[in-house]
Amino acid sequence: KQWYQRRVRARQRISQVLVLPPFQGHGHGAHLLSTMYNHVSADPAIFDITVEDPSENFTRLRNFVDTVKCSNLAAFAPDKLKLGFSQAMADEARERYKITAIQSRKMYEILRLRATDTSCPEAHKAYRLDVKRRLNKAFQKEKKAMARQRARLTEEELKALDATKTPEQQHEFLERSFLELETEYRKVIERMAAFVEF
């Protein structure tokens, strides 16, 4: 008889990183998070690292640390960024630093913004449309779910639903979301410019 052993890989979870106020702003949180990544990345039994309900500040910290790490990977080279997000990027980020596919997509967007000449309207438009396509996926999923729900709704509920989700409102939401993301991404890029090392 042959016995097959299926290797079980674990998912490491970070709850939060706490740096007391007198020590904030000195890079301690980034150094601590980077050290955690380095420690966990050495363990082949760990598949990826996730974060449990991150605060806004932790999300900024994580984006910065992950972007610095991904910027050194071959899959995230500037010439490859302009070709769009690829499975190779997600795979290399996961294999090397245990970064999830969703998070590696964000790192791609930040690094692509850094590599994009935003003074060139065509280049910036291509970047903007790429990000908006990702943001629009949530609307498409919601649309499919609502199509399944429509059969159960009354006429009044259908009218109310249709009035709240007009294409113009979706467009406005996407534009607002993109501008907020771009502002956050620029903060990460600015911090990277001043970054020395972990």
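This write-up is about the structure you can find in this document. (Residues numbered from 1 in each chain as written. Predicted model: local features only at pLDDT ≥ 70, side-chain atom pairs only at ≥ 80, totals over all residues. Heavy atoms only, no water.)

**Points about the pattern of salt bridges**
Tallying each qualifying case throughout the model produces 13 salt bridges. A salt bridge links R60 to E56, with the shortest nitrogen-to-oxygen separation between them at 3.6 Å. Pair noted here: R60 and E56 are both in helix α2 (residues 56-70), with a separation of 4 residues, about one helical turn. Residue class for R60 comes out partly exposed when judged on its relative accessible area of 28%. Overlapping salt bridges bring together R105, E109, R112, D130, R133 and R134 as one network. (Salt bridge = Lys/Arg side-chain N within 4 Å of Asp/Glu carboxyl O. Helix = DSSP H or I, 4+ residues; strand = E, 2+ residues; numbered from the N terminus. Buried < 20%, exposed > 50% of the residue type's maximum accessible area, 1.4 Å probe, protein only.)

**So, the packing of helix α6 (residues 121-149) against helix α8 (residues 167-193)**
Closest axis-to-axis distance for the α6/α8 pair is 10 Å, and the angle between their directions is 120°. Considering the angle they form, α6 stands oblique to α8. As for how α6 packs across α8, the hand of that crossing is right-handed. From α6, H124, Y127, R128, V131, K132, R134, L135, N136 and F139 reach across to α8, where they touch Q170, F173, L174, E175, S177, F178, L181, E182, Y185 and R186. Split into classes, the residues belonging to the contact of α6 with α8 amount to 9 nonpolar, 4 polar and 6 charged. (Axes fitted to C-alpha atoms, helices over the stretch in contact; angles between N-to-C directions. Parallel < 35°, antiparallel > 145°, perpendicular 65-115°, else oblique. Left-handed = near helix turned anticlockwise from the far one by under 90°. Contact = heavy atoms within 4.5 Å. Nonpolar A, V, L, I, M, F, W, Y, C, P; charged D, E, K, R; others polar.)

**Some details on unusual backbone geometry**
One non-glycine residue, D53, adopts positive backbone phi at about 45°. Its place among the elements puts D53 in the loop between β2 (46-51) and α2. With a relative accessible area of 67%, D53 lands in the exposed category. If you check the backbone angles, K98 has positive phi at about 65° while not being a glycine. In this structure K98 comes out as buried when scored by relative accessible area, which is 4%.

**Notes on the environment of F139**
Tracing the chain through its elements places F139 in helix α6. According to the relative accessible area criterion, F139 is buried, its value standing at 9%. It is 23 Å that separates the C-alpha atoms of F139 and Q87, two residues lying 52 residues apart in sequence. With residues near it in sequence (within four places) discarded, F139 still touches Q170, F173 and L174.

**Considering the packing of aromatic side chains**
Here the structure, examined in full by the defined rule, presents 3 aromatic pairs. Ring geometry for F64 against F195: centres 5.4 Å apart, planes inclined by 75°, an arrangement best described as edge-to-face. Of this pair, F64 sits in helix α2 while F195 sits in the segment after α8; the two residues are 131 residues apart in sequence, bridging distant segments of the chain. The class of F64 is buried, set by a relative accessible area of 2%. Over the aromatic face of F64 sits the side chain of R191, whose NZ or CZ is 4.1 Å from the ring centroid. (Phe/Tyr/Trp six-rings, centres within 6.5 Å; stacked < 30°, edge-to-face > 60°. Lys NZ or Arg CZ within 6 Å of the ring centre and 35° of its normal.)

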